[in-house]
Amino acid sequence: MAHHSSAKKRIRQTERRTEVNRARVSRIRTFVKKVETLIAGGDKTLATEALREAEPELMRGVQAGVVHQNAASRKVSRLVARIKAL
């Protein structure tokens, strides 16, 4: 357990930041899952619209540092390829 006041403050800050980051990751997963569900359903137009909403959300995750740039780009690329294949 931390003994210094600065270390205690760091623990509090980390807990708050962790909550925010978990919420961000969860939100990203929700958007991506919506796209994947529509792809599985075979609805190309709705899947495209959902992807247009999901892509900025992924990139916001990159800016916040909760998702790596390459991982987000790879995810978008694979979703686009699956939509094109419909």
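The shown structure was predicted, so the numbers you read here are calculated from the model rather than taken from an experiment. (Residues numbered from 1 in each chain as written. Predicted model: local features only at pLDDT ≥ 70, side-chain atom pairs only at ≥ 80, totals over all residues. Heavy atoms only, no water.)

Engineer: Outline the overall build of the chain, listing residues and values.
Structural biologist: A tally of regular secondary structure across the chain gives three helices and zero strands. For the chain, whose C-alpha radius of gyration is 17 Å, the value lies well above the compact-globule estimate of 12 Å for 86 residues. Dimensions of the chain, computed from C-alpha atoms along their principal axes, come out at roughly 60 × 20 × 15 Å. The buried share among the 86 residues of the chain stands at 22%. Counted over contacts in the chain with a minimum sequence separation of 6, partners at least 24 positions apart contribute 55%. Here the chain has roughly 6400 Å² of accessible surface; of this, 52% comes from carbon and sulfur atoms. Counting 20 positive and 8 negative side-chain charges, the chain places the centres of these two groups 8 Å from one another. (Helix = DSSP H or I, 4+ residues; strand = E, 2+ residues; numbered from the N terminus. Rg over C-alpha atoms; globule rule 2.2 N^0.38 Å. Buried < 20%, exposed > 50% of the residue type's maximum accessible area, 1.4 Å probe, protein only. Contact = heavy atoms within 4.5 Å. Areas by Shrake-Rupley, 256 points an atom, 1.4 Å probe, with all protein chains shown as cover. Lys, Arg positive; Asp, Glu negative; His and termini not counted. Charge placed at Lys NZ, Arg CZ, Asp CG, Glu CD.)

Engineer: Quick rundown of the packing of helix α2 (residues 44-64) against helix α3 (residues 69-84)? Include the residues and the values.
Structural biologist: In contact at an axis separation of 10 Å, α2 and α3 are set at 175 degrees when each is read in the N-to-C sense. Classified by the interaxial angle, the pair formed by α2 and α3 is roughly antiparallel. Taking contact as the criterion, the partners of Lys44, Ala47, Thr48, Leu51, Glu55, Leu58, Met59 and Val62 in α2 are, on α3, Gln69, Ala72, Ser73, Lys75, Val76, Leu79, Val80, Ile83 and Lys84. Of the residues assigned to the contact of α2 with α3, the class counts are 10 nonpolar, three polar and four charged. (Axes fitted to C-alpha atoms, helices over the stretch in contact; angles between N-to-C directions. Parallel < 35°, antiparallel > 145°, perpendicular 65-115°, else oblique. Nonpolar A, V, L, I, M, F, W, Y, C, P; charged D, E, K, R; others polar.)

Engineer: Please give an account of α2 that cites residues and values.
Structural biologist: The end-to-end C-alpha separation of α2 is 30 Å, in line with the 30 Å expected for 21 residues at 1.5 Å each. When we look at burial in α2, the residues that qualify are Ala47, Ala50, Leu51, Ala54, Glu57, Leu58, Gly61 and Val62. In this structure, the buried side of α2 is in contact with α1 (5-41) and α3. Backbone geometry just after α2 places Gly65 at a positive phi near 90 degrees. (Expected span 1.5 Å × (residues − 1).)

Engineer: Explain the nonpolar core to me, using residue names and the numbers behind them.
Structural biologist: Ranked by size, the top nonpolar core spans 16 residues in total, and within it Val35, Ile39, Leu58, Leu79 and Ile83 carry the most contacts. If you list the elements that add at least two residues to this core, you get α1, α2 and α3. Sort the elements by how many residues they give to this core and α2 lands first, with six residues. The contact partners of Val35, leaving out residues within four places of it in the chain, are Ala47, Ala50, Leu51, Ala54, Leu79 and Ile83. (Core = buried A, V, L, I, M, F, W, Y, C linked by side-chain atoms within 4.5 Å.)

Engineer: Give me the pattern of salt bridges: which residues, what numbers.
Structural biologist: Scanning the model with the defined rule gives six salt bridges in all. Note that Arg27 and Glu57 form a salt bridge whose closest N and O atoms lie 2.8 Å from each other. Note that Arg27 is positioned in helix α1 and Glu57 in helix α2, a separation of 30 residues in sequence. What makes Arg27 partly exposed here is its relative accessible area of 44%. A residue is classified by how much of its surface remains accessible, and Glu57, at 8% relative accessible area, is buried. (Salt bridge = Lys/Arg side-chain N within 4 Å of Asp/Glu carboxyl O.)

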